[in-house]
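Architecture at a glance
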Amino acid sequence: MMTEDYIYLDYAASTPVDPRVFDRMRECSAATCANPSSTHAAGRMSQDIIANAATQVADLLNIDPKTLIWTSGATESDNLAIAGGARYRAHRGKHIVTMRTEHKAVTDMFDTLAKEGFEVTWVDPGPTGLLDPAAFEAALRDDTQFASIMFVNNETGVIQDIEALGNICRQRDILFHVDAAQAVGKVRIDLGKLPVDLLSLTGHKFYGPKGIGALYIADRPGCHVEPILFGGGQQRRMRPGTLPTELVAGLGMTAEIAAGRIDDDLAHLRTLRHALWDGIRHIDGVTLNGDPNGFPGILNVSVDDIEGESLLLALEPLLVATGSACNSKSQEPSYVLRALGLTDLQAQSAIRFSVGRPTTMPEVEFAAGHYRAAIEKLRELAPEVVT
Amino acid sequence: MSTNPYSTRVRELFAMTPHAGDVVGAKSVSISDQDVRIRLSAGVEDGIVTAMRFRARGCPHLIAGAEAACAALEGHAVAGLPMWTSADLMQDLPVPVEKTGRILVLEDAVRSLGQRLCDGT
């Protein structure tokens, strides 16, 4: 997506809303303003809109629509799943497990639970960011009741083996949560087959509106969450609050569109990512961070002895990210990349390119050339290392 | 309140760096501190700085500051360099408080180079 001034390559941070989604939201807004909790005719119309959206999202994931809880986005879904799930199971054990490379919405919630008396084990990934299922299993204990592993890493695009990890949890009756904010609508997810108990998603990562997400809660014994919000009986009391009908409708349409084009999107992204990497991989000292077989929408690269902030400015008009976009105001090196074994300096020079549906080959070719030129300029500016 | 971390001045100085490089055969200093590296060199005639160049690895404010300092100090008396202060530069760019340490590395480099030039070392 190229505006007059910029080339947007930050689709892992957020995506533009598909015009068909806007149309659906406008249509719903015009049809009814009623609170979906109201029992009159207009309220029932809102309920129908929401029920239709639930079916659209459910079809994308191959689940029963009744297993969805609407939220404000992935952060809330993660918080509800982790706090609600771990607390629900606390009477059976207070050991919980996650990875060091999870999103802050997960790690901060685990830190909060640790303050409540839960015992947290942080599992380390391998050097490419992949979690070895054997290492995951080794971290589990008899009193482990909850685990959370993300599907697609937001910084590196690494795709975890959710099926293997979920099977390990099922064998031990551990509640298994997956943060799929970067995966839903972008990679095929069949929850009819995957052993996942709780799954977080958000609309704005796959061409839907901001401010709307969902949490899938599997319909099986022992799989439940305690609420973290209070004040009404909506959504079986698990997530009270008036539902934003238009946003829910928008998320439903987002899911329906995605379901019909995931494979085409993936092929497009693979072509772009390959061209981008091909255009920069010969730069002296450049490193790909993550798994080469990860999600093709994300390419995270570091380069030796380049200061990250200057690189970001030199890369304008490219709009890219250093580290996690949610945390990009921080000058701290990415904790995700540090967990992969990168030094502070390597992590600080990391740039995350993320391409999307609207990205074109000329944009990617320009980006590769501009990245090469920026590195060359900053290296020319730099003095030799003082020893 | 602007959310842009860089002023127009910083952007201009960062984009165009005619003072980047070395004054060949001239005295120079190199300093590495606060996660930045900087090298300054200066040519002198009759006690006046005739040319000043920098090399820097650091944030945009440091690079912009080095470019501005080199441009400003050409034509100045060498005797003033050991007392040079970056206060005006910090206001001119401006430099956010969390980066003042890096500009002070630049200040140290200017002063150190000035001292070398004055001492003839």
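Please read these numbers as outputs of a predicted model, since none were measured by experiment.

Residue and element names in this part refer to chain B. Taking 1.5 Å as the rise per residue, helix α2 (residues 60–73) with 14 residues should run 20 Å; its terminal C-alpha atoms sit 20 Å apart, in good agreement. With twelve of its 14 residues buried, α2 lies for the most part within the structure. Turning to α2, its buried residues are P60, H61, L62, I63, A64, G65, A66, E67, A68, A69, C70 and L73.

What follows concerns the sheet that holds strand β2 (residues 36–45) of chain B. Backbone hydrogen bonds are what pair the strands of a sheet, in a parallel or an antiparallel way. All names here are of chain B. Read from one edge to the other, the open sheet built from three strands follows the order β1-β2-β3, with strand pairing classed as antiparallel. The open sheet has two edge strands, β1 (27–33) and β3 (48–57), and neither has a second partner. Looking at each pair of strands side by side, their axes are set apart by 15° on average, direction ignored. Pairing of β1 with β2 involves seven bridges; the strand directions are antiparallel. Opposite I31, over in β2, you have I38 as the bridge partner.

Atom-level detail of predicted coordinates should not be read off regions where pLDDT is low. Per-residue confidence for chain B gives a mean pLDDT of 93, with 98% of residues at or over 70. The ipTM, which scores confidence in the relative placement of chains, is 0.94 for this predicted complex, and the corresponding pTM is 0.92.

This paragraph deals with the interface of chain B and chain A. One widely used convention gives an interface's size as the accessible area the parts lose upon coming together. The partner chain A presents eight residues to the 16 residues of chain B that form the contact. Taken together, the elements giving at least two residues each to the side of chain B that touches chain A come down to β1, β2, β3 and α2 of chain B. Residues that form the side of chain B that touches chain A fall into these classes: eight nonpolar, four polar and four charged.

Before going further, it helps to examine the nonpolar core. All names here are of chain A. Counting residues in hydrophobic clusters, the biggest one holds 152 residues, and the most contacted among them are V57 and Y216. Taken domain by domain, the makeup of this core includes at least three residues from each of domain 1 (7–16 + 261–381) and domain 2 (19–259). Residues contacting V57, with those up to four places away along its chain left out, are L68, A214, L251, G252 and A255.

Once that is clear, we can look at the pairing of strand β10 (residues 298–303) of chain A. Successive residues of a regular strand alternate their side chains across the two faces of the sheet. Residue and element names in this part refer to chain A. Extensive coverage of β10 is indicated by the burial of six of its six residues. Burial of the side chains of β10 extends over both faces: I298, N300 and S302 are buried on one face and L299, V301 and V303 on the other. Pairing of β10 with strand β12 (residues 351–354), which is carried by four bridges, proceeds in the antiparallel orientation. Within β12, the residue paired with V301 across the bridge is I351.

Turning next to the sheet that holds strand β3 (residues 95–99) of chain A. All names here are of chain A. Strand order in the open sheet made by the seven strands is β2-β8-β7-β6-β5-β3-β4, with mixed pairing throughout. If you trace the sheet from one side to the other, it starts and ends with β2 (68–71) and β4 (119–123), each paired once. Averaged over all pairs of adjacent strands, the angle between strand axes in this sheet comes to 20°, irrespective of strand direction. Where strand β6 (residues 175–179) lies against strand β7 (residues 198–202), three bridges are found, and the strand directions are parallel. Looking at β7, one finds that D179 is bridged to S200. Together, β3, β4, β5 (144–148) and β6 form the strand contacts of helix α4 (residues 104–115), whose direction differs from that of β3 by roughly 155°.

Note that the residue after E316 of chain A, namely P317 of chain A, is joined by a cis bond; omega there is 20°. Within the fold, P317 of chain A resides in the loop between α9 (308–314) and β11 (318–319). In the segment running from L93 of chain B into P94 of chain B, the intervening peptide bond is cis, with an omega of -15°. Its location among the elements puts P94 of chain B in the loop between α3 (87–92) and α4 (100–119). If you check the backbone angles, Q235 of chain A has positive phi at about 50° while not being a glycine. Of note in the backbone geometry, R236 of chain A takes a positive phi value of approximately 55° without being a glycine. Its place among the elements puts R236 of chain A in the loop between β8 (213–217) and α7 (245–259).

What counts and how
- Residues numbered from 1 in each chain as written.
- Chains lettered and ligands numbered in written order.
- Predicted model: local features only at pLDDT ≥ 70, side-chain atom pairs only at ≥ 80, totals over all residues.
- Helix = DSSP H or I, 4+ residues; strand = E, 2+ residues; numbered from the N terminus.
- Expected span 1.5 Å × (residues − 1).
- Buried ≥ 20, exposed ≤ 12 C-beta atoms within 10 Å, placed from the backbone.
- Pairing = 2+ DSSP bridges.
- Axes fitted to C-alpha atoms, helices over the stretch in contact; angles between N-to-C directions.
- pLDDT = per-residue confidence, 0-100.
- Contact = placed C-beta atoms within 7 Å.
- Nonpolar A, V, L, I, M, F, W, Y, C, P; charged D, E, K, R; others polar.
- Core = buried A, V, L, I, M, F, W, Y, C linked by C-beta atoms within 7 Å.
- Domains from an automatic or database assignment.

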